[in-house]
Amino acid sequence: MSADKPIRVAQVMGKMLGGGVEAVVMNYYRYIDHSQVQFDYLVDEDSTLVPREEIEGLGGRVFEIPPYQHVFEYQRELQRLFRQEGWRIVHSHVNALSVFSLRAAKKAGIPVRIAHSHSTSGKGEHIKNAVKSILKTQANRYPTHRLACSRYAGEWLFGKGADFEVVYNAVDLSKYAIDVAARARIRCELGVSDNQLLIGHIGRFVDQKNHTFLLQIFKEILATSPDAVLALAGAGPLVEQTKRQASDLGIAESVRFLGQRHDSPALYQAFDVFCLPSIYEGLPVVGVECQASGTPILASTEVTPETAFTSLMEFEPLSSSPRSWARHLLAMRGKEPVVSDADSLAAFDIRCAAADLLDFYVSAIFEEGAR
């Protein structure tokens, strides 16, 4: 590789809507050596939050393609782009749907085809889970390489005993250092005094994140701590429904809807405890960010235990009552990290992780060229 001709990697993103997967891929792009590797983003044309200006400023490109729901048109356009642009690596981040993008990549003769599992499936999403189950039967057919954000996510998509590598959802740890000024600023913005309890959540308003149950938990917290506040950051199709539910539960005055935010490090500093009652996750980036910030986090047992790499993260089953969750959250207030947590965090340092990903891309090209 020469400095003036880096490897260009086609990153198949699906819909960019401000979710965790996009944040993970952007983190890697910001810190990878652009003289050796560049990312081109293939996004569904109905995406709502594409950081085009930043991507192009870093030397990348954005290609809009038909939504994956139009599966035949989607594959045709991908195949056309793959042949036109001549990428040597396609890295697909759409989980079970990668069967379609990597099938198109194989037909176009792309030598390195990476399937990356970022998530799993959850209870209650019957139609989605049925589709995922069918697609999973083809998950190992088209990729030449397999990656996953956790062992759990990898085994879910590729099968137990399958050959895959774990690539952590790494972050810039320096951004999440304790910041007293940021805590004071955000709490002032929210109208929350320093001695009030502030429960936080950052995530898209979709069924997976389980905001309905989160509001029920918070109602139980108010029974014990009537001046507590719940802050919900994010956007998504269920925002208005969640607002109506808060009103129906009589807790609307204590819930702050923050919208899509770009200052998550400061938000974590402001939160006393983070609550993540997701019905499924791979290895959520918010879990990494919380622990890097020193913020206690209570997650559902549907979140992979691999996420708890410090003492700050604890778990509660979704089968537990909202009251049980509330008691657990209240008990975690004021919890502090232990000395050994710093060593555990090091594995999630984006600078080292981005260098490892670069090495992976280079090795993959050499491997395929030698076959």
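Preceding this paragraph is the structure being described.
This structure is a prediction, so every number in the text was calculated from the model and none was measured.

Cut-offs used in this document
- Residues numbered from 1 in each chain as written.
- Predicted model: local features only at pLDDT ≥ 70, side-chain atom pairs only at ≥ 80, totals over all residues.
- Heavy atoms only, no water.
- Helix = DSSP H or I, 4+ residues; strand = E, 2+ residues; numbered from the N terminus.
- Rg over C-alpha atoms; globule rule 2.2 N^0.38 Å.
- Buried < 20%, exposed > 50% of the residue type's maximum accessible area, 1.4 Å probe, protein only.
- Contact = heavy atoms within 4.5 Å.
- Areas by Shrake-Rupley, 256 points an atom, 1.4 Å probe, with all protein chains shown as cover.
- Lys, Arg positive; Asp, Glu negative; His and termini not counted.
- Charge placed at Lys NZ, Arg CZ, Asp CG, Glu CD.
- Pairing = 2+ DSSP bridges.
- Right-handed = clockwise from strand over helix to strand, strands pointing away.
- Core = buried A, V, L, I, M, F, W, Y, C linked by side-chain atoms within 4.5 Å.
- Polar contact = N/O pair within 3.5 Å; in protein donor to acceptor, adjacent residues only side chain to side chain.
- Axes fitted to C-alpha atoms, helices over the stretch in contact; angles between N-to-C directions.

A. How the structure looks around the overall build of the chain. For the chain, the count of helices and strands is 14 helices and 13 strands. Rg of the C-alpha trace for the chain: 21 Å, near the compact-globule value of 21 Å for 371 residues, within the 12% margin. In terms of overall dimensions, the chain has C-alpha extents of about 65 × 40 × 40 Å along its principal axes. By the burial criterion, 55% of the 371 residues in the chain qualify as buried. Here the contacts in the chain between residues at least 6 apart in sequence split such that 68% fall between residues at least 24 apart. Surface accessibility of the chain: about 16000 Å² in total, with carbon and sulfur atoms responsible for 52%. Charge-centre separation for the chain: the mean point of 39 positive side chains lies 6 Å from the mean point of 44 negative side chains.

B. Region of the structure containing the pairing of strand β11 (residues 273-276). Neither face of β11 is left uncovered, since the one carrying Val273 and Cys275 and the one carrying Phe274 and Leu276 both have all their residues buried. Direction of pairing for strand β8 (residues 198-202) relative to β11: parallel, over a ladder of two bridges. Its bridge partner being in β11, Ile199 is matched across the sheet by Val273. One ladder, built from three bridges, connects β11 with strand β12 (residues 297-300); its direction is parallel. Bridged to Phe274 within β12 is Ile297. Tracing the backbone out of β11, into helix α11 (residues 285-293) and back to the parallel element β12 gives a crossover that is right-handed.

C. Local environment of the nonpolar core. In terms of nonpolar packing, the biggest core is built from 66 residues, with Tyr28, Ile32, Phe39, Tyr41, Phe274 and Tyr361 touching the most fellow members. Broken down by element, the residue count for this core peaks at ten residues, all from helix α14 (residues 350-370). Once residues within four sequence positions are removed from consideration, Phe274 is found in contact with Gly200, His201, Ile202, Tyr268, Val286, Cys290, Thr295, Pro296, Ile297, Leu298 and Leu329. Ranked by size, the runner-up nonpolar core spans 28 residues in total, among them Val12, Val90, Ala108 and Trp156.

D. Fine view of the side chain of Thr144. You can see Thr144 is positioned in the loop between α5 (126-136) and β6 (145-148). With relative accessibility at 19%, the residue Thr144 sits in the buried group. In this structure the side chain of Thr144 is engaged in a polar contact, spanning 2.8 Å, whose partner is the side chain of His145.

E. The arrangement of the sheet that holds strand β4 (residues 89-92) in detail. With parallel pairing, the seven strands of this open sheet are ordered in space as β3-β2-β1-β4-β5-β6-β7. Both outer strands of the open sheet, β3 (61-65) and β7 (165-166), are each paired with one neighbouring strand and no more. Sheet analysis places strand β5 (residues 112-117) next to β6, joined by four bridges and oriented parallel. Looking at the pairing, Ala115 lines up with Arg146 of β6. Against the sheet, helix α1 (residues 20-31) touches β1 (7-14) and β2 (37-44), its axis set at about 160° to β2. Here helix α3 (residues 71-85) sits on the sheet in contact with β1, β2, β3 and β4, set at roughly 150° to β3.

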